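# Structural description and commentary
Given next are the chains, with one letter for each unit.
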Amino acid sequence: MKPELSYTIWFSQRTGSTLLNKALASTGVAGDPCEWLHFQHRDSATLKREDLELIWQQGTTPNGVFGIKINYEQRWVDAFRTMFELPAETHNAEVWSTAFPNCTKHIYMTRRNKVRMAVSWWRAIVSGEWHRGFGEKPMEYNFDDEYNFDAINHLLVDGSMCEAAIEDFFSESGIVPLTIVYEDFILDYEGTVLRVLEYLGLPTEGVKVDPPSFDRLADEVSEQWVQRFREERQKDWEFVKW
């Protein structure tokens, strides 16, 4: 059965997308917007229609609402264009809505401070700790000598390119998304979730939102890396920005 309403959460890394995923799923009325394509189907070339139908089933709540979250990757759009035999001139958003029926709602997750985003990303890569359950003990990891200017700089560019691709996707089809800024989201967790439900046209009265699933990972190591990168990246600049 095709979803009656689909929505997509577009995000770059370390912007709170998994936190939002868990929160929306907890309501029982907003689908389960997981990274369905990345988790089960990393190879876009092997994705079949039956795989897509299974994704619809897994991500849809009984009220017919389906959700998915994803970084923008052109390969998936191209795969869907081929799968549904759509003309080459078909806009990417129309291709996407063919794969995920009635996908008229788009949520864009971003983060103001891109340096902190890149540092958080690198910290997760080297430690393997991408999320920490609420109230869980921090994992023990020795971060000595793990700072890497080139890696953080690469991730800074990677995140910026991802956001540029998402924004181009919106601009191409005249989409005005609901934008959620990470720094605001963590300050108003439940209010943000309810705002998403309202944007999706779903009732909020009587809806229960579970408490945050994760604790914040940023610590003294993160801050030291942020300040070190900030200084090194602007070394010899005539006009330092930050």
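Below you will find a few notes about this structure. (Residues numbered from 1 in each chain as written. Predicted model: local features only at pLDDT ≥ 70, side-chain atom pairs only at ≥ 80, totals over all residues. Heavy atoms only, no water.)

We now examine the sheet that holds strand 2 (residues 65-70). Strand pairing within a sheet occurs via backbone hydrogen bonds; the two strands may be parallel or antiparallel. A sheet is described by the order of its strands in space; here four strands give the open sequence 2-1-3-4, paired in parallel fashion. Two strands bound the open sheet, and with one partner strand each, they are strand 2 and strand 4 (178-181). Strand-to-strand, the axes of this sheet are offset by a mean angle of 20 degrees, without reference to chain direction. Direction of pairing for strand 1 (residues 5-11) relative to strand 3 (residues 103-110): parallel, over a ladder of six bridges. Bridge pairing in strand 3 places W10 opposite Y108. (Pairing = 2+ DSSP bridges. Helix = DSSP H or I, 4+ residues; strand = E, 2+ residues; numbered from the N terminus. Axes fitted to C-alpha atoms, helices over the stretch in contact; angles between N-to-C directions.)

A word on the packing of aromatic side chains. Per the counting criterion, the structure on display carries 15 aromatic pairs. Seen in terms of ring centroids, F143 and W225 are 5.8 Å apart; in terms of plane orientation they differ by 80 degrees. Their pairing is edge-to-face. Of the two residues, F143 sits in the loop between helix 6 (114-127) and helix 7 (149-173) while W225 sits in helix 10 (residues 220-233), which places them 82 residues apart along the sequence. Each member of the pair, F143 as well as W225, carries the same accessibility label: buried. (Phe/Tyr/Trp six-rings, centres within 6.5 Å; stacked < 30°, edge-to-face > 60°. Buried < 20%, exposed > 50% of the residue type's maximum accessible area, 1.4 Å probe, protein only.)

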